[in-house]
Each structure stands twice: as structure tokens, then as C-alpha cells.
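# Commentary on secondary and tertiary structure
Spelled out, the chains give:
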Amino acid sequence: MRSLLFALLLTLANGAFAQTKMSEALKSMPDSLMPYLTHNNRLDCIDFREANMKAEVRNVFEGKSDLRQLTSDYAFFRLSDASSVELCLLDAEGQQLICMIQTYGTGLRESVISFYTTSWQQLPTAQYLPVAHEGLAARYDAEQMVLTLESNNYLNRAAMEEQKEEEKVQTKLKWCNSVFKES
């Protein structure tokens, strides 16, 4: 009886500390958050990537999209020549969050950053990213857990007329347990 009780407690403890993997998060992602790809497209990409194959599928716009990187806590999709999505799982004080970075454009790029629970309930971005991020391009370094926000001065015509070359301004933010902070 004692060993049965111990086994039950051990099973419950393992379930309580279970971490969602990126592939699981992608499988449960609502189609509305990445309309380029259907649920089956995402499943195919995951299967191809896990089989060490090229993870390329025909998207809903009849173009090609591919899953370029997939780890237990990070995914990078190239949806088209002008659109990409990065997803990262972040630990925040005992719970997991999903940070989604949607980037649009070719020369002039802009990103939209959103945060979600692992059940895909949207969270307030300002709670986890307390710096101005609108009108910037973002990219995430999964190994360093650093979010880089980049702007170009060519968004400011007056500044551009005075300069010959475009100057990129970067802000690097490190994930610190529950928020991105300047590093």
C-alpha cells in the first residue's frame, strides 16, 4: 500500500512539473494565429522536421512555407519571402508563456510581438515587454534568450536626408524570469 501511494505521488509530481514542448504548442495553436498554414500544414512541418527532412509545405495562398528551426522551446517559420513567425517558450515564475514574433516586409521590416499562455490565451504584451516595440523589427536568439529590437533611421525622413547611410539602432533584451529587460 505504501509503495502504491508513493508511485501515485511521484506520478502526480511529474505531471505538475511537466513542461510543454514547442511541437505540442504548435499542434494546439489556433489556425487564426498563423493563417498562412492550416493545422495539417503545421503537423506536416513538425513531422518532416522531426524526421530530419526539409519541412516545406504548400500554404493556403498556394505559396511555399517552411519550418526552418524546431527545438523543444523554439520554432522559426518562413511563411513567404516577406513574412516569418518565431515562437519561443519562456519560463515565467513557474509557468510557461509563448512569445510570438510575426515579422513582415523585405527591406523595411516590422514585427508584431504577442504573448500567450500554453493554452493560447492572449496576455498583455506590456506586462512582459515593458519597452516601446511598435514599428521595429524583432528577432529572438533562443540560445541566449535575447530579443533584439531593431529600427532604421530611414523611418525618420528628416534624419535620413542628413545621412547618407541608414543607421540601425538595436536594443537587446534578455529574458529575466518574467519579463524582457535591457541587457
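Up top you'll find the structure we're talking about.
Residues numbered from 1 in each chain as written. Predicted model: local features only at pLDDT ≥ 70, side-chain atom pairs only at ≥ 80, totals over all residues. Heavy atoms only, no water.

## What about the overall build of the protein chain?
This is how the line gets drawn: Segments assigned H or I by DSSP are reported as helices when at least four residues long, segments assigned E as strands when at least two residues long, and all are numbered from the N terminus. Working rule for contacts: check all heavy atoms of both residues, and any pair within 4.5 Å makes them a contact. Under the convention used here, a 1.4 Å probe and the Shrake-Rupley method define accessible areas, while residue burial counts only the protein chains that appear.
Looking only at helices and strands, the protein chain features five helices and eleven strands. For the protein chain, the proportion of contacts with a sequence separation of at least 24, taken over those separated by at least 6, is 39%. As displayed, the protein chain offers around 11,000 Å² of accessible surface, 51% of which is attributable to carbon and sulfur atoms.

## Details of helix α3 (residues 39-50)
Every α-helical turn comprises 3.6 residues, leaving residues that sit three or four positions apart pointing alike. Selection rule: Given the number of residues in a helix, its expected span is that number minus one, multiplied by 1.5 Å.
The end-to-end C-alpha distance of α3, which contains twelve residues, comes to 17 Å, matching closely the 16 Å that a straight helix rising 1.5 Å per residue would cover. Residues of α3 that are buried in the fold lie against α2 (22-28), β1 (56-58), β2 (64-70) and β3 (74-80). At the C-terminal side of α3, Asn52 shows a positive phi close to 60°.

## Details of the sheet that holds strand β4 (residues 83-92)
For clarity, the cut-off: Only when DSSP finds a minimum of two bridges between them are two strands counted as paired. In this description, a line fitted to the C-alpha atoms serves as the axis of each element, helices being fitted only across the stretch in contact, and the angle between N-to-C directions of two axes falls anywhere from 0 to 180 degrees.
The antiparallel open sheet is built from seven strands, whose spatial order is β1-β2-β3-β4-β5-β6-β7. Looking at which strands have only one partner, the edges of the open sheet turn out to be β1 and β7 (122-123). Alignment of β3 against β4, held across six bridges, turns out to be antiparallel. What sits directly across from Phe77, in β4, is Val85. The sheet strands contacting α3 are β1, β2 and β3, and the helix crosses β2 at an angle near 50°.

## Notes on the packing of aromatic side chains
Rule in force here: In this scheme Phe, Tyr and Trp rings, the latter by its six-membered ring, pair at centre separations within 6.5 Å, and the angle between planes marks the pair as stacked below 30 degrees, edge-to-face above 60, and tilted otherwise. When a residue's accessible area, from a 1.4 Å probe over protein chains only, is under 20% of the maximum for its type it is buried; when over 50% it is exposed; and in between it is partly exposed.
Tallied over the entire structure, the rule returns eight aromatic pairs. Measuring from centroid to centroid gives 5.0 Å for Tyr36 and Phe61, while their planes differ by 75°, and the two rings are edge-to-face. Of this pair, Tyr36 sits in the loop between α2 and α3 while Phe61 sits in the loop between β1 and β2; the two residues are 25 residues apart in sequence, bridging distant segments of the chain. By relative accessible area, which is 22% here, Tyr36 ends up partly exposed. Taken together, the aromatic side chains of Tyr74, Phe115, Tyr128, Tyr140, Trp175 and Phe180 make up a single cluster linked through ring pairs.

## Quick notes on the pattern of salt bridges
Our working definition: Whenever Lys or Arg places a side-chain nitrogen within 4 Å of a carboxyl oxygen from Asp or Glu, that contact is recorded as a salt bridge.
Enumeration over the complete set of coordinates arrives at seven salt bridges. For Arg42, the salt bridge goes to Asp31, with nearest N and O atoms at 3.1 Å. With Arg42 in helix α3 and Asp31 in the loop between α2 and α3, the pair connects residues that are eleven residues apart, well separated along the chain. Its relative accessible area of 1% is what places Arg42 among the buried residues. Linking Lys54 and Glu56 is a salt bridge whose minimum nitrogen-to-oxygen distance equals 3.6 Å. Residue classification places Lys54 among the exposed residues on the basis of a relative accessible area of 63%. Each of Asp66, Arg68, Arg78 and Asp81 takes part in salt bridges that share partners, so that together they form one network.

## Thoughts on the environment of Pro124
Its location among the elements puts Pro124 in the loop between β7 and α4 (125-128). Here Pro124 falls in the partly exposed class, since its relative accessible area comes to 45%. When the C-alpha atoms of Pro124 and Ser114 are compared, they prove to be 7.8 Å apart, with ten residues separating the residues in sequence.

## A few points about the environment of Leu87
Relative to the assigned elements, Leu87 resides in strand β4. For Leu87, a relative accessible area of 1% puts it in the buried group. Along the primary structure Leu87 and Gln102 are separated by 15 residues, whereas in three dimensions their C-alpha atoms are 8.8 Å apart. With residues up to four places along the chain from it excluded, the contact list for Leu87 reads Met22, Leu26, Met29, Met34, Asp73, Tyr74, Ala75, Phe77, Ile98, Cys99, Met100 and Trp120.

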